[in-house]
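# Breakdown of the fold
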Amino acid sequence: MNIILLGPPGAGKGTQARKLVEERGMIQLSTGDMLREAKTSGTDMGKKVAAIMDAGELVTDEIVIGLIEEKLRGDNAGGFIFDGFPRTLAQADALGALLEKTGQTLHSVIEMRVDDDALVSRITGRFTCGNCGEGYHDVMKRPAVDGTCDVCGAQDMQRRADDNEESLRTRLMEYYKKTSPLIGYYYAKGQLKDVDGLADIDDVAKSISEALG
Ligand code: AMP
């Protein structure tokens, strides 16, 4: 089963994708993670996208479609979760064509609904374990011991360069201008399901499970 998690930055797409990986053995394809990895390892592409990402703007369709195309050729036994992709209508068309080419289908698109006020506090307070990727928050989810990951015990908490108010404003504008038209796009195809992204993590997971059937 291949699905898309759709929603603004901070909606909880990454958190829910991790749960689906654990519970259903699905494969998370996060273009944001792939781009951050390229940025950290200093590849030519990473250098090209670094400033764009830090400012909160979208990188070109060509780059992200290329990243996804590579991954679609790999193992998909548990199905793919597209997290943060597609983000434009051109990317959505490209994904449709790539799936068709590889004989795969899209099961559903889960729209995670949240309001902007919640997004600001969610994003400016969040940090992640650099070792295992577990997510935390200054107010909502602190580790039991400050600076130490509850899951793997590493002491390597990291904050994203673009999780500040200025970049967030740009990211939200990009979302409403370029990504939110995808809601109508997938609704028209009969593939859209929405969940309340403001509920507790486990409740959101339950709603997603129900929506997936
Ligand atoms: P994310 O981790 O999904 O919030 O993505 C972080 C940043 O990576 C975004 O603000 C964009 O600069 C870039 N990015 C990630 N996915 C895409 C995409 N599908 N299209 C364009 N830019 C992307």
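Rules of the game
- Residues numbered from 1 in each chain as written.
- Predicted model: local features only at pLDDT ≥ 70, side-chain atom pairs only at ≥ 80, totals over all residues.
- Heavy atoms only, no water.
- Core = buried A, V, L, I, M, F, W, Y, C linked by side-chain atoms within 4.5 Å.
- Buried < 20%, exposed > 50% of the residue type's maximum accessible area, 1.4 Å probe, protein only.
- Helix = DSSP H or I, 4+ residues; strand = E, 2+ residues; numbered from the N terminus.
- Pairing = 2+ DSSP bridges.
- Axes fitted to C-alpha atoms, helices over the stretch in contact; angles between N-to-C directions.
- Contact = heavy atoms within 4.5 Å.

## Structural notes on the nonpolar core
Ile-4, Leu-35, Ile-68, Leu-72, Phe-82, Leu-95 and Tyr-186 are the most contacted members of the largest nonpolar core, which totals 29 residues. Counting residues per element, the ones that place at least two in this core are strand 1 (3–6), helix 2 (31–41), helix 3 (44–55), helix 4 (61–72), strand 3 (80–83), helix 5 (89–101) and helix 8 (181–188). With six residues, the single largest contributor to this core is helix 4.

## Overview of the sheet that holds strand 4 (residues 108–113)
The strand order across the open sheet formed by five strands is 2-3-1-4-8, and the pairing between neighbours is parallel. The sheet is open, and its two borders are formed by strand 2 (27–30) and strand 8 (192–196), each paired with just one other strand. The sheet shows a mean angle of 25° between the axes of neighbouring strands, taken without regard to direction. Alignment of strand 2 against strand 3, held across four bridges, turns out to be parallel.

## Quick word on the environment of Tyr-175
Tracing the backbone shows Tyr-175 in helix 7 (residues 165–179). Along the sequence, Tyr-175 and Asp-44 sit 131 residues apart, while their C-alpha atoms lie 26 Å from each other. Those residues in contact with Tyr-175 that sit more than four places away from it in its chain are Leu-6, Gly-7, Pro-8, Pro-9, Ser-180 and Ile-183.

## Some remarks on the pairing of strand 4
When you tally the buried positions in strand 4, you get five out of six residues, the bulk of the element. Relative to strand 4, strand 1 runs parallel, the two sharing four bridges. Across the sheet, residue Leu-6 finds its bridge partner in strand 4, namely Glu-111. Here strand 4 runs beside strand 8; their pairing, made up of five bridges, is parallel. Across the sheet, residue Glu-111 finds its bridge partner in strand 8, namely Asp-194.

Interpretation note: all reported values are geometric properties and have no functional meaning in isolation.
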